[in-house]
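Single-letter residue listing:
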Amino acid sequence: MAELHAEERAGSQGLLRLMAWLSPAFPVGGFSYSAGLESAVVEEHVRDGDGVEAWLGLLLAHGGLRNDAILLAVAHRVHREAQSLAEIVSLATALAGSAERHAETTRLGEAFVKAAAAWPHPVIDSLAGPVPYGVAVGAIASAHGVSKLDAIAAFLHAQVSQYVSVAIRLGVIGQTRGLAILAAAEAPILDSALEVSRLGLDDLGSATIVADTLSMRHEVQYSRLFQS
């Protein structure tokens, strides 16, 4: 019975940590970035709630969110292998499609590692320097006993929530529509998490040329609220 309670406590503890790490209050600075969504709004590729929902669905199924989740899953598997983890960090960094995207993912990752050091673990030392956000989340979640599926699903939900917040701040949608988008995103997020949990580096790839191009165009956008 004592062992059962210990397992239940460990599982609940991992859940609490995951909630803290991916909370909007966790000091990573995610509110500063839009991953190109701002340019999509400015250039009228995304005009309303339906457009926001379609945009997020595309990123989940075929774009950067899918790749970030795959890299998270791989980092989760190899967090104990310093050399393998370093190789994943290098690959994920190289896959950044623009200067802003590189800055976004590495700054978020560094901030995440720094803040997560409040929960000491040797894996923190393996993540020194620039590290992509998804890789950092995957490695640290695994080190603290958070399941891969839970880590992927929570990460994707946090990212989708962030982009919904971006759309609200840009005036494309209101809070009510934003909540409806989050509710509708539950099934796609879970489906994506289940799929990605079984994938590896050979499955990396995207088919979101417009989104990737808009992320690059944001670098020279005249006026902007977000850093990417």
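What you are looking at is a predicted structure, and each value in this text was computed from that prediction instead of being measured.

With respect to the packing of helix α4 (residues 64–77) against helix α7 (residues 133–143)
Close contact between α4 and α7 brings their axes to 7 Å; oriented N to C, the two are set at 35°. The hand of the α4/α7 crossing is right-handed. Touching Asp-68, Leu-71, Leu-72, Ala-75 and His-76 of α4 are Gly-134, Val-135, Val-137, Gly-138, Ala-139, Ala-141 and Ser-142, all from α7. Counted by class, the contact of α4 with α7 contains seven nonpolar, four polar and one charged residues.

Quick word on a negative patch on the surface
A cluster of like negative charges, contributed by Asp-191, Glu-195, Asp-202 and Asp-203, occupies part of the molecular surface. Tracing the sequence through the fold places Asp-203 in the loop between α9 (175–196) and α10 (209–217). The partly exposed category is assigned to Asp-203, whose relative accessible area is 33%.

Some points on the layout of surface pockets
The volume enclosed by the largest pocket comes to roughly 470 Å³. In terms of lining, the largest pocket is formed by 26 residues, of which the most central are Gly-64, Leu-95, Gly-97, Arg-101 and Asp-212. Contributing elements (two or more residues each) for the lining of the largest pocket: α4, α6 (99–116), α7 and α10. When residues in the lining of the largest pocket are grouped by element, the largest group, five residues, is from α4. For the second largest pocket, the lining is made up of 21 residues, of which Ser-23, Pro-24, Gly-30, Ala-158 and Gln-162 are closest to its centre. In the lining of the second largest pocket, the residues fall into twelve nonpolar, seven polar and two charged.

Let's talk about the packing of aromatic side chains
Within this structure, the stated rule accounts for six aromatic pairs. Geometrically, the ring pair formed by Trp-21 and Phe-112 is edge-to-face, given 6.3 Å between the ring centres and 75° between the ring planes. With Trp-21 in helix α1 (residues 2–21) and Phe-112 in helix α6, the pair connects residues that are 91 residues apart, well separated along the chain. Taking 5.9 Å as the distance between ring centres and 70° as the angle between the ring planes, the aromatic pair formed by Phe-112 and Tyr-133 counts as edge-to-face. Pair noted here: Phe-112 is in helix α6 and Tyr-133 is in helix α7, with a separation of 21 residues, a long-range link. By relative accessible area, Phe-112 is classed as buried at 0%. The buried category is assigned to Tyr-133, whose relative accessible area is 8%. Aromatic ring contacts, followed pair by pair, group Trp-21, Phe-26, Phe-112, Trp-119, Tyr-133 and Phe-155 into a single cluster.

Focus on empty space enclosed by the protein
Counting across every chain of the model gives one cavity of 30 Å³ or more. Lining the largest cavity are Asp-68, Arg-101, Thr-105, Leu-108, Tyr-133, Gly-134, Phe-155 and Gln-159. Secondary structure elements with two or more residues in the lining of the largest cavity: α6, α7 and α8 (148–169). Counting residues per element, the lining of the largest cavity draws most heavily on α6, which supplies three residues.

Rules behind the numbers
- Residues numbered from 1 in each chain as written.
- Predicted model: local features only at pLDDT ≥ 70, side-chain atom pairs only at ≥ 80, totals over all residues.
- Heavy atoms only, no water.
- Axes fitted to C-alpha atoms, helices over the stretch in contact; angles between N-to-C directions.
- Helix = DSSP H or I, 4+ residues; strand = E, 2+ residues; numbered from the N terminus.
- Left-handed = near helix turned anticlockwise from the far one by under 90°.
- Contact = heavy atoms within 4.5 Å.
- Nonpolar A, V, L, I, M, F, W, Y, C, P; charged D, E, K, R; others polar.
- Patch = residues over 30% accessible without salt bridge, like charges linked within 9 Å, V, L, I, M, F, W, Y side chains within 5 Å.
- Areas by Shrake-Rupley, 256 points an atom, 1.4 Å probe, with all protein chains shown as cover.
- Salt bridge = Lys/Arg side-chain N within 4 Å of Asp/Glu carboxyl O.
- Lys, Arg positive; Asp, Glu negative; His and termini not counted.
- Charge placed at Lys NZ, Arg CZ, Asp CG, Glu CD.
- Buried < 20%, exposed > 50% of the residue type's maximum accessible area, 1.4 Å probe, protein only.
- 1 Å grid on protein atoms, 1.4 Å probe; cavity = no way out; pocket = protein on both sides within 12 Å on 5 of 7 lines; lining within 4 Å.
- Points joined across faces, edges and corners; volume = space filled by probe spheres on them.
- Phe/Tyr/Trp six-rings, centres within 6.5 Å; stacked < 30°, edge-to-face > 60°.

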